[in-house]
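These are the residues of each chain, in order.
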Amino acid sequence: MSKPLETDSFLGNFGRTFITAFQTVGAMTLLQLRIFRSLLAVKNFDYDESVTQLFKVGVRSLPVVVATATFVGALMVIASGNFVRATGATTLIGWAAGTAVFSEVGPVLIGLMFSGRVGANNTAELGTMVVTNQVDALRVLGIDPIGYLIVPRFIAMIVMLFLLTAIGDLFALAGGSVACRAVLGIDMRIYWLGILDSNLLSEFIMGLVKAIFFGGAVGIVSCHWGLQVTGGARGVGRAVNDSVVTSAIAIFVVNFFITVLWT
Amino acid sequence: MLQYAAQILDASLTLNDSLVLDQVFLRLESGRIHALVGAGGSGKTLLLRMLATLLQPSKGELHLFKKVINFRDLKSLRQVRSNIGVQFQNLALFDFLTVGQNVGFPLEQDSEPTKDISIQVKTALDSVGLDGRQEHAISALSGGMQRRVAIARAAVAKPKLLLFDDPSGGLDPVTTSRIFELIRTIQEENDNTVVIASHDIDRLVKLCHIFHVVDHGKVIFSGTLNEARQSTDDRVKVFLDV
Amino acid sequence: MKRLWETIRSPFQLLGRTIALLPSARKSHRKILESMYSIGNQSLVFIALTLAFLGLILVYQGAYQALKVLPDLTPVGPVFIGTMVRVFGPTIVALMLATRVGAGIAAETGSMTVTDQIEAMKVTNADPVEYLVVPRFIASIIMMIVLWVFGVLVAVAAGTLIGTLRFGIQLRTFLSLSGTTMSDVWVALFKCVIFGAAIPILAADSGFKATGGSEGVGWATTNAVVHSLFTVILLDFLISSIAYRFGW
């Protein structure tokens, strides 16, 4: 890969960003293909490693995700508050919050938090392994780093984000109900009735499907940036930065496409 | 009457629930070159940082230039620090500044500079053989050159107390000789107090006047080489190779 | 428990010291401008992309759901713009800033901490907070406001595209400011200042706590991002609740 032009002009930066973006997407697609190939040759990956990763990844991020989801739910209710106050349609509060949380806000914000907590951590771990030559050491021992390191993490992230989104969604609703009473002054029963009345099953499932794709996206992105770290401590920091940023973009883009295709 | 540039009196330091410095007693005679030796992890670097006022003892006192150091008195701390120069083990050069900016950095913090900073920087870089490289980036220099820049930065403000943490680590013998010669010259020209923490016993023996041996967070010996030869402590004999 | 208290206390200490040192910022114009340029440079494309898709999705979902309960789509544009200005604009831009700039600041200060550059500053009588944190603090607040405006414009542009092309809403009906009030703008500006202040403080605080080489820098960056994301959401909730209660 040739070094892009060192230019500080605005247009130059713009162009360089585009080139880097294409290179990155290309590299990540290749990584995804290698992951799939590894998955098919099932005997390649280490089940123990998968389980440990799953545990580490999921349990440690539960508190943060739950807390975030609760406040996000509350925020959604407050945001709809103005609209409800203006139209007097208090019964819509449950439906509005429920739809927003299940179909959009829940998966996206939990996904972002996940990318910050788990994705960044993953990139940092892999990056440090690269910098300390551990990945090379694996290759020398004849172990395929993709099968050994990447695939377990990829699977773990998908499963965990799926579960975290499901749990988070519910906490978001709970947070919303408290905000409904405490901030908007509307009876919680109206809120919960509104949710139960509207058939939100389709939205809930769409949200979970999004979570699966987000988990995969964060998995690939974080592993990609982790594996291509160069330059010691500073390089790892930069890779984590790039990882979280790329994940965020991926989440927003994937989110849009799934919503449009689903509805 | 002996003058002490620095004294650490009965100081202990606890970090992360473990006692890393244990009732240390260390006196540094002014105008001498002191060696600080000991195994890795013995506390050498911690002692250097304490002398640099970067670490505060959990118990005990630090005296510098005949004054007790009060870590809460920021003004007097500033005053003291303007008389200390430190070369860190990992160099700690500012990677976002050029060579010249790095060396001039200590001078920029002085609110009333007495001479033109660029002249002082030029002199300092000249003494380490790197004059002309003011505009270079740190990353463009080799390890040995970076080390010399770090030494120039430590010495540029002509501090009364000059601390070197592993000045020759990982360098070839020729560069190492030059660096130790450099330290000798700096001390002779400025008559300041120098402390060198190093594993390079051969060179330390040729350069330093007083030796301090640190083991497991305690200073077990302070004195000249002759006194070391008469010591009954085997560890001292091993560390100083006498 | 003690660690939780320490985690909460140290950013506040840093905030206090930063604010106390603000007057001295008068002589670091260049550093502030450099920081602003750097933040803008790093974030422009990123925010453009994410906010564009946000605008697309908000209008898409908004119109789609509105079709189920409302007779026509006239409120969609105004409500979208109002919500964008007041709620999603500051919040999402702040989250993106936390991700991009927060991680960047944490990585910088983190790598400086593990390579002893911070200690070198202290011993040469340069205050790391004054030198590193204050310029970024000021720059971040200013840029947060700038990027909020930018982000809202991008999102509205994208939303307008999908509103008019996919749902056939009239341009003039859509691009109405009737759903946006002055208090929306004030609340949003206030949020921008608070978010813009919180992110660099949390990031630098994480960076200064880094220990141990590249692993430490990675940890500091992760820490910074997670704390910033959560804090933005928490602060958003607090500000929104108070604003709602006071009818702002």
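Residues numbered from 1 in each chain as written. Chains lettered and ligands numbered in written order. Predicted model: local features only at pLDDT ≥ 70, side-chain atom pairs only at ≥ 80, totals over all residues.

Each helix and strand in chain A was counted, giving eight helices and zero strands. Listed N to C, the secondary structure of chain A is α-α-α-α-α-α-α-α in terms of helices and strands. In chain A, which comprises 263 residues, the share counted as buried stands at 53%. Considering only contacts within chain A whose residues lie at least 6 apart along the sequence, 85% involve residues at least 24 apart. (Helix = DSSP H or I, 4+ residues; strand = E, 2+ residues; numbered from the N terminus. Buried ≥ 20, exposed ≤ 12 C-beta atoms within 10 Å, placed from the backbone. Contact = placed C-beta atoms within 7 Å.)

All names here are of chain B. If you trace the four strands from one edge of the open sheet to the other, you get 2-1-4-5, paired in antiparallel fashion. Of all strands in the sheet, those bounded by a partner on one side alone are strand 2 (18-29) and strand 5 (67-68). Bridge analysis of strand 4 (residues 59-64) against strand 5 gives two bridges, and the strand direction is antiparallel. Across the sheet, residue Leu64 finds its bridge partner in strand 5, namely Lys67. Its contacts with the sheet put helix 1 (residues 44-51) on strand 1 (4-15), strand 2 and strand 4, and the angle it makes with strand 2 is roughly 60°. (Pairing = 2+ DSSP bridges. Axes fitted to C-alpha atoms, helices over the stretch in contact; angles between N-to-C directions.)

Turning to the confidence of the model for chain B, a few remarks are in order. Mean pLDDT over chain B: 88, with 98% of residues reaching 70 or higher. Both scores are given for the predicted complex: the pTM is 0.88, the ipTM 0.88. (pLDDT = per-residue confidence, 0-100.)

So, on to the nonpolar core. If you look at the biggest cluster of nonpolar residues, it comprises 232 residues, and the most contacted ones within it are Leu47, Leu163, Val195 and Ile196 of chain B together with Leu229 of chain C. Of the domains in this structure, domain 1 (4-83 + 160-239) and domain 2 (94-158) of chain B are the two that each give at least three residues to this core. In contact with Leu229 of chain C, not counting residues within four places along its chain, are Leu112, Met113 and Gly116 of chain A together with Leu95 and Ala98 of chain C. (Core = buried A, V, L, I, M, F, W, Y, C linked by C-beta atoms within 7 Å. Domains from an automatic or database assignment.)

Moving on to unusual backbone geometry. Glycine aside, residues mostly have negative phi angles, and peptide bonds mostly take the trans form. Residue and element names in this part refer to chain B. Positive phi, normally seen in glycine, also occurs at Asp10, with a value near 50°. Note that Asp10 resides in strand 1. Of note in the backbone geometry, Asp191 takes a positive phi value of approximately 50° without being a glycine. Mapped onto the elements of the fold, Asp191 is located in the loop between helix 6 (173-190) and strand 8 (193-197).

So, on to the packing of helix 5 (residues 145-184) of chain A against helix 7 (residues 201-227) of chain A. Angle between the axes and distance between the axes are the two parameters that describe a pair of packed helices. All names here are of chain A. The contact between helix 5 and helix 7 brings their axes to 8 Å, and the two run at 145°. Once helix 5 is placed against helix 7, the crossing between them reads as right-handed. Contact residues: Ile150, Arg153, Phe154, Met157, Ile158, Met160, Leu161, Phe162, Thr165, Ala166 and Asp169 in helix 5; Phe204, Gly207, Leu208, Ala211, Ile212, Phe214, Gly215, Gly216, Val218, Gly219 and Cys223 in helix 7. Residue composition of the contact of helix 5 with helix 7, grouped by class: 15 nonpolar, five polar and two charged. (Left-handed = near helix turned anticlockwise from the far one by under 90°. Nonpolar A, V, L, I, M, F, W, Y, C, P; charged D, E, K, R; others polar.)

Looking now at the interface of chain B and chain C. At the junction of the two partners, chain B supplies 14 residues and chain C supplies ten residues. Elements that contribute at least two residues to the side of chain B that touches chain C include exactly helix 2 (74-81), strand 6 (84-87) and helix 3 (99-108) of chain B.

Below, the discussion takes up the pairing of strand 6 of chain B. Looking down a regular strand, the side chains alternate between one sheet face and the other. Residue and element names in this part refer to chain B. Of the two faces of strand 6, the one carrying Ile84 and Val86 and the one carrying Gly85 and Gln87 are both buried. Two elements, strand 6 and strand 7 (residues 161-165), share four bridges in a ladder whose sense is parallel. Bridging across to strand 7, Ile84 finds its partner in Leu161.

It is worth spelling out the domain arrangement of chain B at this point. Residue and element names in this part refer to chain B. For chain B, the domain assignment lists domain 1 (4-83 + 160-239) and domain 2 (94-158). Each of domain 1 and domain 2 was reduced to a C-alpha centroid, and the two centroids are 24 Å apart. Between domain 1 and domain 2, the residue contacts involve ten residues of the former and ten residues of the latter. Broken down by element, the residue count for the side of domain 1 that touches domain 2 peaks at five residues, all from helix 6. A class-by-class count of the residues in the side of domain 1 that touches domain 2 yields six nonpolar, four polar and no charged.

Once that is clear, we can look at the interface of chain C and chain A. Much of the literature gives interface size as the accessible area that the parts lose upon coming together. Contact residues are listed per partner, giving 46 residues for chain C and 47 residues for chain A. Elements supplying a minimum of two residues to the side of chain C that touches chain A: helix 2 (29-69), helix 3 (76-114) and helix 8 (214-245) of chain C. Top element by residues in the side of chain C that touches chain A is helix 8 of chain C. It accounts for 19 residues. In terms of residue class, the side of chain C that touches chain A is built from 26 nonpolar, 16 polar and four charged.

Now for the pairing of strand 9 (residues 210-215) of chain B. Residues and elements named next belong to chain B. Of the pairings in the sheet, the one linking strand 3 (residues 33-38) to strand 9 comprises five bridges and is parallel in character. Its bridge partner lying in strand 9, His34 is registered against Ile210. Alignment of strand 9 against strand 10 (residues 218-223), held across five bridges, turns out to be antiparallel. In the strand pairing of strand 10, His212 is matched with Ser222.

It is worth spelling out helix 5 of chain A at this point. When the local axis directions of helix 5 of chain A are compared, the greatest deviation, roughly 30°, occurs at Val151 of chain A, which is followed within four positions by the proline Pro152 of chain A. Immediately downstream of helix 5 of chain A, the backbone of Gly185 of chain A shows phi near 75°, a positive value. (Bend = angle between axes of the 7 residues up to and from the residue.)

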